[in-house]
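# Topology and contacts: notes
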Amino acid sequence: MTTHPASLTDTSTLLRAPIRALPDQLISQIAAGEVVERPASVVKELLENALDAGATEIQMRLDAGGVKRIAITDNGRGIDAEQLPLALMRHATSKIASLDDLEQVRTLGFRGEALASIASVAQFSLTSRTADAAHASSISNLHGDLQITPAAGATGTTVEASELYYNTPARRKFLKTEQTELGHCQDVAARIALAHPQVAFSLHHHGRVLSHWQAGSLHQRAQAILGEEFMQHARALEQSAGPLQLQGFAGAPAAARGRADQQYFYVNGRFVRDKVLSHAVRAAYEDVLHGDRYPAYALFLTIDPRLVDVNVHPSKVEVRFRDSRAVHQFVFHAVQAALAQATGDATPVHALQPAPVNYPAWQQTSFAAPTHQGVAQRTADYVAMFAQQPASMAALNETSAPATQEGPQAHFLGYALAQLHGIYILAQNAHGLIVVDMHAAHERIVYEKLKQALADHAMPVQSLLIPVTFAADAKEVGIAEENRATLQQLGFDIGVVSPTALAVRAVPALLAQADAAALARAVLRDLHDYGGSRVLTQHQHELLGTLACHSAVRANRKLTLDEMNALLRQMETTERADQCNHGRPTWRQLSIAELDKLFMRGQ
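Okay, so let's go over this structure. (Residues numbered from 1 in each chain as written. Predicted model: local features only at pLDDT ≥ 70, side-chain atom pairs only at ≥ 80, totals over all residues. Heavy atoms only, no water.)

## Focus on helix α19 (residues 516–530)
Along its 15 residues, α19 runs 21 Å from first to last C-alpha, staying within 8% of the 21 Å computed at 1.5 Å per residue. Along α19, the residues that are buried comprise A516, A517, L519, A520, A522, V523, L524, D526, L527 and Y530. The backbone nitrogen of A517 lies 3.2 Å from a side-chain oxygen of the residue at the head of α19, namely D515. (Helix = DSSP H or I, 4+ residues; strand = E, 2+ residues; numbered from the N terminus. Expected span 1.5 Å × (residues − 1). Buried < 20%, exposed > 50% of the residue type's maximum accessible area, 1.4 Å probe, protein only. Polar contact = N/O pair within 3.5 Å; in protein donor to acceptor, adjacent residues only side chain to side chain.)

The following block contains the structure:
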């Protein structure tokens, strides 16, 4: 006898069921499935409301990881007593009133559904008082009907949600352990607190203080949340172009992590997860990271609210840019510039004088007209590059500087003392001992010279004797047609043969031996996903890296002191000289204090 799996619904019942309007409570519970995923979602929504109300102090109190109780208290403007019922209605908000407001959202919240969604799946109460009110007022759903009652309380608002998912037990079963849910709440609190250093935050669990962040500068808040080690190695960043401004901290490649757990990107004060932005940052770190390491960073993008759509998903962590290509290139070049500072020129974050930062800064920014930015950097004629010897030890001798003339304090990397096992250079600077991996250091110098030589000329193109035709779907054909000028700028000539086929007639000369069809597909995919292509530069950099590795000074080669000093001087003026192009460090500093500790001096 054949058995069939049971269907989720009875088809005959569905055919007989009439179309009906759902009750408001059920509608709110359905919406809560997107807005209130877990206790951390409640914390996020209530913190955003408190910040939109102008709060300068916010307290978070949790029990059982937020499942039993979440109470958020702020000292913001408060809500008038007669408007409390409206606050719990779906799609009721004070933050937008028209389509024009929706197209230039300037607050963290705007959908008007968070409180209604939370109240539909939890025992909920809201107590608020405005500055001109004689007393606070409270509204709750604890007894079924919503009623306003007088209450005690200072100016501001307290929202309490208890027994999350008490009326939807199936959803409650999907929650994790208390510690796991608490960890998610802590992560949300830290993410929001990082972007708003002018606001004091405190987090309590079962009455015990877990975190307290005092109001201060962005530097102080970042140090408190990201840690002193991150700030010691991070590089401060501040760039602007037209309506775009980027500031924050880019972690040093040497301090990269095994997980992507310290990556914070904000758009107009809102934490976001956006593939265009993350791709741009990853591309900037491309040739300075070792292996499968992940960079750490805290970056804050300010953009005209009219140029970004935050109404993509109810969670509001996804955004869509009107010109994603320009944003991608701006972020890429800004982060790359911070990482490209020559050794000794980079301003360490701990050396900066922290200045108070008031977020969201975009509310006071005067935006200029947008500027067009190209999809990729110009590249060079590689034939000319290969025609000359890119770097040699003879060239190093031209910049030699004897240590006896200037002393060890004159240069950041000091002056050479000796060579160790034909591999390392030992040098002395004002802070102590410098140890340099001479092959890795010279490899970076040669690599940067090759990249510069490639960038100084127009893209050389190799026409194919026989065009390479490959099957393409409608999306790929559309991308090729829409981005024809961009593809030509990248060195490609890709034409439409039929509605289901494309032909590659020319490719960048440096990549003439690559699989033309696979390369074209990868470039088209990048253009669609990110508005630019990293595939081309990846292949070029791989070839240049191989050339640099073979051109660099080899281990066990004896160098004179003049040659060693010349190498140190070139390191000081070379971009990204702290790492070779494989991401390995090129030098390390041992301070006098560290050396004293090794020999227990002064103990």
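## Quick notes on the sheet that holds strand β9 (residues 235–241)
Spatially, β9-β10-β13-β11-β12 is the arrangement adopted by the five strands of the open sheet, whose pairing is mixed. Taken across any chain shown, the strands that pair with only one partner, and hence form the sheet edges, are β9 and β12 (270–271). Judged from the two bridges that link them, strand β11 (residues 263–267) and β12 form a sheet pairing that is antiparallel. Within β12, the residue paired with Y266 across the bridge is F271. Its contacts with the sheet put helix α9 (residues 218–226) on β10 (244–250), β11 and β13 (297–303), and the angle it makes with β10 is roughly 45°. (Pairing = 2+ DSSP bridges. Contact = heavy atoms within 4.5 Å. Axes fitted to C-alpha atoms, helices over the stretch in contact; angles between N-to-C directions.)

## Describing the side chain of T168
With respect to the element layout, T168 can be found in the loop between β6 (156–162) and α7 (169–172). With relative accessibility at 18%, the residue T168 sits in the buried group. Setting aside chain neighbours within four positions, we find T168 in contact with Q29 and V121.

## Some remarks on the packing of aromatic side chains
Taken as a whole and assessed by the stated rule, the structure comprises four aromatic pairs. A centroid spacing of 4.9 Å and a plane angle of 10° characterise the contact between Y266 and F300, whose relative ring orientation is stacked. Placement of Y266 in strand β11 and of F300 in strand β13 is noted, with a sequence separation of 34 residues between them. With respect to class, Y266 is no different from F300; both count as buried. On the numbers, 5.7 Å between centres and 85° between planes, the contact of F412 with W587 is edge-to-face. Taken together, the residues F412 in the loop between α15 (403–406) and β16 (415–420) and W587 in strand β22 (residues 587–591) connect sequence positions 175 residues apart. Exposure remark for W587: the relative accessible area of 14% places this residue in the buried category. In this structure an aromatic cluster arises from ring pairing among Y264, Y266, F271 and F300. Across from the ring centre of F271, 4.7 Å away, lies the NZ or CZ of R191, which sits over that ring. The ring of Y415 is capped by R569, whose NZ or CZ atom sits 4.7 Å from the centre of that ring. (Phe/Tyr/Trp six-rings, centres within 6.5 Å; stacked < 30°, edge-to-face > 60°. Lys NZ or Arg CZ within 6 Å of the ring centre and 35° of its normal.)

## Focus: the pairing of strand β20 (residues 493–498)
In terms of strand pairing, β20 meets strand β21 (residues 501–508) through five bridges, oriented antiparallel. From the neighbouring strand, S498 faces β21, where its bridge partner is A501. Connecting the antiparallel pair β20 and β21 is a turn made up of two residues.

## Describing unusual backbone geometry
With a phi close to 55°, N268 is a non-glycine residue in the positive phi region. Tracing the sequence through the fold places N268 in the loop between β11 and β12. A positive phi angle, near 60°, is found at R576, a position not held by glycine. Examined against the element boundaries, R576 turns out to sit in the loop between α21 (561–572) and β22. With relative accessibility at 6%, the residue R576 sits in the buried group.

## Regarding the environment of L62
Along the chain, L62 falls in strand β1 (residues 57–63). For L62, a relative accessible area of 1% puts it in the buried group. Sequence-distant contacts of L62, defined by excluding residues within four places in its chain, comprise V43, R69, I70, L182, C185, L203, H204, H205 and H206.

## As for the sheet that holds strand β7 (residues 200–205)
Remark on secondary structure: sheet strands pair via backbone hydrogen bonds, oriented parallel or antiparallel. Spatially, the eight strands line up as an open sheet ordered β5-β4-β3-β6-β2-β1-β7-β8, and their pairing is mixed. At either end of the open sheet lies a strand with only one pairing partner, and these are β5 (147–151) and β8 (208–213). Going across the sheet, the axis of each strand differs from the next one's by a mean of 15°, ignoring polarity. Looking at chain direction, strand β3 (residues 123–129) and strand β4 (residues 136–140) are connected through four bridges and run antiparallel. The residue of β4 that forms the bridge with S125 is S140.

## A word on the side chain of E45
Locating E45 in the fold gives a position in helix α3 (residues 39–52). For E45, a relative accessible area of 4% gives the class buried. Not counting residues within four places of it along the chain, the set of residues in contact with E45 comprises V35, A114, I118, P314 and K316.

## Things to note about the nonpolar core
Judged by nonpolar contacts, the single largest core of 61 residues is most densely connected at I58 and F201. The greatest single-element share of this core, amounting to nine residues, is contributed by helix α8 (residues 178–195). When residues of this core are assigned to domains, at least three map to each of domain 1 (24–213) and domain 2 (218–338). Apart from the residues within four sequence positions on either side, I58 is in contact with L47, A50, L51, I72, T73, D74, V199, A200, F201 and S202. Formed by 36 residues, the second largest nonpolar core is a distinct cluster that contains L237, F265, L299 and A334. (Core = buried A, V, L, I, M, F, W, Y, C linked by side-chain atoms within 4.5 Å. Domains from an automatic or database assignment.)

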